[in-house]
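Structural overview
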Amino acid sequence: MVKVSLFVMIYSLICCCTPQIEALQSVLTDSACRGRMTFKNVTVTAYYPIDEEDNSIENMDIKGHALATLQDYFDNTVDYVTVSMDENLHIPYATQICIPELDEHYRRHINFQVRDTASNVKGRGVRRVDICVRSEADSYDHAVNLKQATVVF
C-alpha cells in the first residue's frame, strides 16, 4: 500500500511539474537565443589562460583585455564569456553569440562574446568555437566540448 501511494505521489509530481520544466527550458533556449543567423553542427571546444596569475599577452584577448572565463561568469565576476573564432570571418569585436545546448545544460543564458582568435580556429569558419575556461582541468568538461552544437548570431 505504501509503495502504491509513493508511486502515485511521484507520478503526480512528475505530471504536475513537467509542463513547467518544459516551459522553463523553452524560455531559456528560445528567448535567449534569438538572432539573425543560426549554424548547426558547430564544434565547441575549450581553451584556458596559460597562467591564471600571469597578465601576459597569452592571457589577453585580441584587444588586450583579460580573458573572461566561463567559471568567472558563473562566479558573477564578469558579464560575458570570451570565445575565440576564425579571424577570417571578420566578426566585430564583442559580438554576442548564443549556444542553446550550453544554456540548456547550465539552465541559464550565458553571454558569450567573440573577443579572441587563435591558430586552432583559423580557417574553420563558423564550424568551430573555442570557449575560454579557467583551467586545464575545466577544459576537459564534456559540457564545453560538443561536436554538434548550434550557434546563434
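Right, let's walk through the structure included here. (Residues numbered from 1 in each chain as written. Predicted model: local features only at pLDDT ≥ 70, side-chain atom pairs only at ≥ 80, totals over all residues. Heavy atoms only, no water.)

1. What to know about the overall build of the protein
Looking only at helices and strands, one finds four helices and six strands in the protein. Helices (α) and strands (β) of the protein occur, in sequence order from the N terminus, as α-β-α-β-β-α-β-β-α-β. A burial count over the protein gives 39% of its 153 residues as buried. In the protein, the share of contacts with a sequence separation of at least 24, taken over all contacts with a separation of at least 6, comes to 76%. When the accessible surface of the protein is split by element, carbon and sulfur atoms take 55% of a total near 9400 Å². (Helix = DSSP H or I, 4+ residues; strand = E, 2+ residues; numbered from the N terminus. Buried < 20%, exposed > 50% of the residue type's maximum accessible area, 1.4 Å probe, protein only. Contact = heavy atoms within 4.5 Å. Areas by Shrake-Rupley, 256 points an atom, 1.4 Å probe, with all protein chains shown as cover.)

2. Some thoughts on the state of the cysteines
Summed over the entire model, instances satisfying the criterion amount to one disulfide. Covalently, Cys33 is tied to Cys98 through a disulfide, its sulfur atoms 1.8 Å apart. Residue Cys33 is found in the loop between helix H1 (2–31) and strand S1 (38–47), and its partner Cys98 is found in the loop between strand S3 (95–97) and helix H3 (100–106); the two are separated by 65 residues along the sequence. No difference in accessibility class separates Cys33 from Cys98, as the two residues are buried. (Disulfide = S-S within 2.5 Å.)

3. Description of the pairing of strand S5 (residues 128–132)
Within S5, five of the five residues are buried, which leaves the element mostly enclosed by the surrounding structure. With burial as the criterion, each face of S5 is covered, one bearing Arg128, Asp130 and Cys132 and the other bearing Val129 and Ile131. Bridge analysis of S1 against S5 gives five bridges, and the strand direction is parallel. Its bridge partner being in S5, Thr43 is matched across the sheet by Arg128. (Pairing = 2+ DSSP bridges.)

4. Here we look at the sheet that holds S3
Across the sheet, which stays open at both edges, the six strands sit in the order S3-S4-S2-S5-S1-S6 with mixed pairing between neighbours. Two strands in the sheet have a free side with no partner beyond their single neighbour: S3 and strand S6 (146–152). Direction aside, the axes of adjacent strands within the sheet are offset by 50° on average. Two strands pair when backbone bridges link them, and strand S2 (residues 81–84) and strand S4 (residues 112–116) are joined in this way by four bridges, in the parallel orientation. If you follow Val83 over to S4, its bridge partner there is Val114. (Axes fitted to C-alpha atoms, helices over the stretch in contact; angles between N-to-C directions.)

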